[in-house]
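# Architecture at a glance
Below are the chains, spelled out letter by letter.
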Amino acid sequence: AQSVTQLDSQVPVFEEAPVELRCNYSSSVSVYLFWYVQYPNQGLQLLLKYLSGSTLVKGINGFEAEFNKSQTSFHLRKPSVHISDTAEYFCAVNGRNSGNTPLVFGKGTRLSVIA
Amino acid sequence: NAGVMQNPRHLVRRRGQEARLRCSPMKGHSHVYWYRQLPEEGLKFMVYLQKENIIDESGMPKERFSAEFPKEGPSILRIQQVVRGDSAAYFCASSPPGNSYEQYFGPGTRLTVT
């Protein structure tokens, strides 16, 4: 079984400042890792995913994340945020080689970008 | 290629009524997952279905909730005798066989129980 902890429920940040949203996971097996974004009253959109290979993963909208196996972390970063990045961000995990299994989500981090 | 479709987008029911939520997966996807998002919470898995089969319903409440994915037509999540605590956003995701990491989400149905 897997679990995901998003350490910050809310992150306010000024426009054009850098941001890091933290995510830690636990699992007894190797995992795939994901970040999703949810804009108000909308569904989830995949930002990026780690399946294998390079531990630094680049996604859409200028976001990137780094998989750290020893620290069981998958923190999301953006060097300069925009007002349009204001949204809820969810980290999720899926057991590798588990076939079709559901995603396990963290509780989310609400990013508020301040002008 | 149309994405995952869910309808209705918003549904209002009075306590005791039935709610039916529909999900049409992406073309070529034979696996459907239902998740529920309560206010201020992340998404919680409810049920995983393939055509005509329930594979995993470990996240479904034991009473009043049921799901199906018939051979023809959309997947249906049914909630009987709704209560206020059922108010939430219900999301459907679909994936192709063998690749559950490729889950594509629909826009969700927001259920309000009055």
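Here, every reference points to the structure presented above.
Below you will find a few notes about this structure. Quick caveat: nothing in here was measured; it's all calculated off a predicted structure.

So, about the overall build of chain A. A tally of helices and strands in chain A yields zero helices and 12 strands. Listed N to C, the secondary structure of chain A is β-β-β-β-β-β-β-β-β-β-β-β in terms of helices and strands. Looking at chain A residue by residue over its 115 residues, the buried ones come to 44%. By sequence separation, contacts in chain A at least 24 residues apart represent 57% of the contacts at least 6 residues apart. Entry remark: accessible area of chain A is about 5,400 Å², with carbon and sulfur atoms responsible for 50%. Of the charged side chains in chain A, 9 are positive and 8 negative, and the gap between their average positions amounts to 10 Å.

Residue and element names in this part refer to chain A. Tallied over the entire structure, the rule returns two disulfides over all chains. A disulfide bridge connects cysteine 23 with cysteine 91, and the sulfur atoms are separated by 2.0 Å. One disulfide, between cysteine 23 and cysteine 91, carries an S-S torsion of -65 degrees and so falls in the left-handed class. Placement of cysteine 23 in the loop between β3 (19-21) and β4 (24-27) and of cysteine 91 in strand β10 (residues 87-95) is noted, with a sequence separation of 68 residues between them. A residue is classified by how much of its surface remains accessible, and cysteine 23, at 0% relative accessible area, is buried.

Another point: the pairing of strand β9 (residues 73-78) of chain A. All names here are of chain A. Of all six residues that make up β9, five are buried, and the element is covered over most of its length. Pairing geometry for β3 and β9, over three bridges, is antiparallel. Residue glutamate 20 lies in a different strand from β9, and its bridge partner there is arginine 77. Sheet topology places strand β8 (residues 64-68) next to β9; five bridges connect them, and they run antiparallel. Paired with phenylalanine 67 across the strands is phenylalanine 74, a residue of β9.

Moving on, we get to the packing of aromatic side chains. One pass over the structure, following the stated rule, counts 12 aromatic pairs over all chains. When the ring of A:Phe34 is compared with that of A:Tyr36, the centres are 6.4 Å apart and the planes differ by 35 degrees; the resulting orientation is tilted. For A:Tyr36, a relative accessible area of 1% gives the class buried. Pairing A:Phe90 with A:Phe105 gives two aromatic rings, centres 6.5 Å apart and planes at 85 degrees, and the pair type is edge-to-face. Here A:Phe90 is found in strand β10, whereas its partner A:Phe105 is found in strand β11 (residues 104-105), with 15 residues between them in sequence. A single burial state applies to A:Phe90 and to A:Phe105, both of which are buried. A network of ring pairs unites the aromatic residues A:Phe34, A:Tyr36, A:Phe90, A:Phe105, B:Tyr35, B:Phe45 and B:Phe105 as a single cluster.

Let us look at the environment of A:Ala87. Residues and elements named next belong to chain A. Of note, alanine 87 is situated in strand β10. Judged by relative accessible area, alanine 87 falls into the buried class, the value being 7%. With 23 residues separating them in the primary sequence, alanine 87 and glutamate 64 have C-alpha atoms 16 Å apart. Leave out the neighbours within four places in its chain, and alanine 87 touches Val37, Gln38, Tyr39, Thr109, Arg110 and Leu111.

Residues and elements named next belong to chain A. Structurally, glutamate 88 is set in strand β10. For glutamate 88, a relative accessible area of 13% puts it in the buried group. Here the side chain of glutamate 88 touches arginine 110 through a polar contact of 3.0 Å, side chain to side chain. Beyond its immediate sequence surroundings of up to four residues, glutamate 88 is in contact with Tyr36, Val37, Gln38, Lys107, Gly108, Thr109 and Arg110.

Reading guide: rules and limits
For every chain, the first residue of its written sequence is number 1, and the numbers climb from 1 along that sequence. Numbering of ligands from 1 and lettering of chains from A proceed in the order in which they are written. This being a predicted model, a pLDDT of at least 70 is required before a residue's local features are given, and a value of 80 or more before pairs of side-chain atoms are given or counted; all residues contribute to the totals for chains, interfaces and linings. As a rule here, side-chain values cover all heavy atoms of the structure and leave hydrogens and water aside. Each helix is a run of DSSP H or I of at least 4 residues and each strand a run of E of at least 2, with the numbering of both proceeding from the N terminus. Three exposure classes are used, based on accessible area relative to the maximum for each residue type with a 1.4 Å probe and protein chains only: buried under 20%, partly exposed in between, and exposed over 50%. In what follows, a contact means two residues having at least one pair of non-hydrogen atoms within 4.5 Å. The method behind every accessible area is Shrake-Rupley, applied with a 1.4 Å probe, and residues are considered shielded solely by the protein chains displayed. Lys and Arg are tallied as positive, Asp and Glu as negative. Neither His nor the chain termini are counted. To locate a charge, take NZ of a lysine, CZ of an arginine, CG of an aspartate or CD of a glutamate. Here, the term disulfide refers to a pair of cysteine sulfur atoms separated by no more than 2.5 Å. DSSP-based pairing: two strands are paired if at least 2 bridges between them are found. Only Phe, Tyr and Trp rings take part, Trp by its six-membered ring, and two of them pair if their centres are within 6.5 Å. Stacked means planes under 30 degrees apart, edge-to-face means over 60, and tilted covers everything else. Residues adjacent in sequence count toward polar contacts only when both atoms are side-chain atoms; beyond that, a polar contact is any pair of N or O atoms within 3.5 Å, and within protein one must be able to donate a hydrogen and the other to accept it.

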